[in-house]
Amino acid sequence: MNQIKACIFDLDGVIVDTAVYHYKAWKRLANELGFDFTEEQNELLKGVSRVRSLEIILNIGGVTKTDAEKEELATRKNTWYVDMIGRMKPDEILPGAKEFVQACRDAGIKTALGSASKNSMTILEKINMVNLFDAIIDGNKVSKAKPDPEVFLKGAEELGVTPADCVVFEDAIAGVEAAINGGMKVVGIGSPTVLTGANLVVSGLSEMSVVKLEEL
Ligand code: BG6
Ligand code: MG
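Residues numbered from 1 in each chain as written. Chains lettered and ligands numbered in written order. Predicted model: local features only at pLDDT ≥ 70, side-chain atom pairs only at ≥ 80, totals over all residues. Heavy atoms only, no water.

Observations regarding the pairing of strand β2 (residues 110–114)
Then, number 1: Among the five residues of β2, four are classified as buried, and the element is accordingly described as predominantly covered.
Then, number 2: The pairing of strand β1 (residues 6–9) with β2 spans four bridges and is parallel. Each residue of the ladder has a partner; that of Ile8, found in β2, is Ala112.
Then, number 3: Inspection of the sheet shows β2 paired to strand β3 (residues 135–137) by three bridges, in the parallel sense. (Buried < 20%, exposed > 50% of the residue type's maximum accessible area, 1.4 Å probe, protein only. Helix = DSSP H or I, 4+ residues; strand = E, 2+ residues; numbered from the N terminus. Pairing = 2+ DSSP bridges.)

Examining the site of ligand 1
Then, number 1: Surrounding ligand 1, one finds 15 residues, the nearest of these being Asp12, Val48, Ser117, Lys118 and Asn119.
Then, number 2: A distance of 2.8 Å separates an oxygen atom of ligand 1 from a polar atom in the side chain of Arg50.
Then, number 3: Take Ser117: an N or O atom from its side chain is 2.6 Å from an oxygen atom of ligand 1.
Then, number 4: Isolated, ligand 1 exposes 400 Å² of accessible area, and the fraction of that covered by the protein chains is 95%. (Near = heavy atom within 4 Å. Polar contact = N/O pair within 3.5 Å; in protein donor to acceptor, adjacent residues only side chain to side chain. Areas by Shrake-Rupley, 256 points an atom, 1.4 Å probe, with all protein chains shown as cover.)

Some remarks on the domain arrangement of the protein
When the parts of a complex come together, some accessible area is lost, and that lost area is often taken as the interface size.
Then, number 1: For the protein, the assigned domains are domain 1 (6–17 + 93–214) and domain 2 (19–85).
Then, number 2: Each of domain 1 and domain 2 was reduced to a C-alpha centroid, and the two centroids are 25 Å apart.
Then, number 3: Of the residues lining the interface, 10 residues belong to domain 1; the matching set on domain 2 comes to 10 residues.
Then, number 4: For the pair domain 1 and domain 2, the summed buried surface comes to about 890 Å²; carbon and sulfur atoms form 53% of the total. (Domains from an automatic or database assignment. Contact = heavy atoms within 4.5 Å. Buried area = accessible area lost by both parts, 1.4 Å probe.)

Topic: the coordination of the magnesium ion (ligand 2)
The expected angle between donors at a tetrahedral four-coordinate metal is 109.5 degrees. At an octahedral six-coordinate metal it is 90 or 180 degrees.
Then, number 1: Around the magnesium ion (ligand 2), the protein contributes the donor atoms Asp10 (OD), Asp12 (O) and Asp171 (OD), which lie 2.0 to 2.1 Å from the metal centre.
Then, number 2: The sequence pattern describing where the donors of the magnesium ion (ligand 2) fall on their chain is D-x1-D-x158-D. Linking Asp12 in the loop between β1 and α1 (19–32) with Asp171 in the loop between β4 (166–170) and α8 (173–181), this pair joins segments that are 159 residues apart in sequence. (Donors = N, O, S within 2.8 Å, 3.2 Å for Na, K, Ca; no water.)

Considerations on the sheet that holds β1
Then, number 1: The parallel open sheet is built from six strands, whose spatial order is β3-β2-β1-β4-β5-β6. If you trace the sheet from one side to the other, it starts and ends with β3 and β6 (200–202), each paired once. Within this sheet the neighbouring strands show an average axis-to-axis angle of 20 degrees, counted without direction.
Then, number 2: Strand contacts of helix α5 (residues 97–106): β1, β2 and β4, with the helix running at about 160 degrees to β1, the strand carrying the most contacts.
Then, number 3: Set on the sheet, helix α7 (residues 150–159) makes contact with β1, β2, β3 and β4; between it and β3 the angle comes to about 160 degrees. (Axes fitted to C-alpha atoms, helices over the stretch in contact; angles between N-to-C directions.)

Some remarks on the packing of α1 against helix α4 (residues 67–85)
Then, number 1: Across the interface, α1 lies against α4 with an axial gap of 9 Å and an inter-helix angle of 140 degrees. Comparing their axes, α4 and α1 come out oblique. Relative to α4, the crossing made by α1 is right-handed. Contact with α1, carried on its side by Tyr21, His22, Lys24, Ala25, Trp26, Arg28, Leu29 and Glu32, involves Leu73, Arg76, Lys77, Trp80, Tyr81, Met84 and Ile85 of α4 and no other residues of that element.
Then, number 2: Along the lines of polarity and charge, the residues of the contact of α1 with α4 split into nine nonpolar, one polar and five charged. (Parallel < 35°, antiparallel > 145°, perpendicular 65-115°, else oblique. Left-handed = near helix turned anticlockwise from the far one by under 90°. Nonpolar A, V, L, I, M, F, W, Y, C, P; charged D, E, K, R; others polar.)

Digging into the environment of Met184
Then, number 1: Examined against the element boundaries, Met184 turns out to sit in the loop between α8 and β5 (185–189).
Then, number 2: Assessed through its relative accessible area of 6%, Met184 is described here as buried.
Then, number 3: On a C-alpha basis, the gap between Met184 and Asn119 in space is 25 Å, while along the polypeptide they are 65 residues apart.

With respect to the packing of aromatic side chains
Then, number 1: Inspection of the entire model under this criterion finds five aromatic pairs.
Then, number 2: Relative to Phe37, the ring of Tyr23 has its centre 5.7 Å away and its plane inclined at 40 degrees; by these criteria the two rings are tilted. Of the two residues, Tyr23 sits in helix α1 while Phe37 sits in the loop between α1 and α2 (39–42), which places them 14 residues apart along the sequence. Each member of the pair Tyr23 and Phe37 is classed as buried. (Phe/Tyr/Trp six-rings, centres within 6.5 Å; stacked < 30°, edge-to-face > 60°.)

Here's what the structure looks like:
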């Protein structure tokens with residue numbers, strides 16, 4: 001039996017579904033630049049940093065920009081995104097997410113957030129979940145994007161737990177890889193055919209329990 005000491009949660013796609021807001025903002029930017037951006041293409045951006053997301057979109061549109069222009073475009077998109085997440089409510093928490101994080105805490109398991117998003121705090125405040133995490137590692141605290149394990153290793157370090165005693169919850173392929181690269185167990189949120197490297201794949205945190213953690 002494994003003694004799990006900490007659970008580290010990705011935010012977008014695990015705790016909340018912000019992909020729709022990212023999509024609306026990126027689509028608006030693409031349209032302003034004169035091309036379209038589909039929901040299928042939006043899948044390519046899951047777990048990907050803001051700068052890298054912009055590069056993927058410019059590539060789709062066949063558009064070349066200077067570094068200074070890219071910065072301005074990413075800022076423009078983020079302003080629209082921040083406006084949308086600023087109106088988020090606690091009822092946008094994905095089913096079972098808050099309950100499972102609380103169940104971990106009740107069982108003496110430490111909890112951390114491990115997200116690429118620089119907007120993590122805004123979202124956690126809007127959904128009233130800031131106090132449910134012992135450590136919050138977001139895009140402002142890391143320099144290497146997933147699949148680099150930096151975000152999760154920093155989480156483990158802040159919690160004072162060794163990576164082997166941690167379980168990561170992730171919906172993105174790059175995130176699952178990051179957890180594996182960090183020597184952690186990983187529960188995929190989504191499809192088993194997509195998140196092939198995970199120890200277990202569930203459709204959402206409503207399917208999780210503390211007992212299932214011990215079986216990983
Ligand atoms: C990740 C999302 O959590 O955060 C990506 O899955 C997003 O789609 C990335 O690009 C960065 O987010 P932000 O809020 O810093 O632009
Ligand atoms: Mg995610």
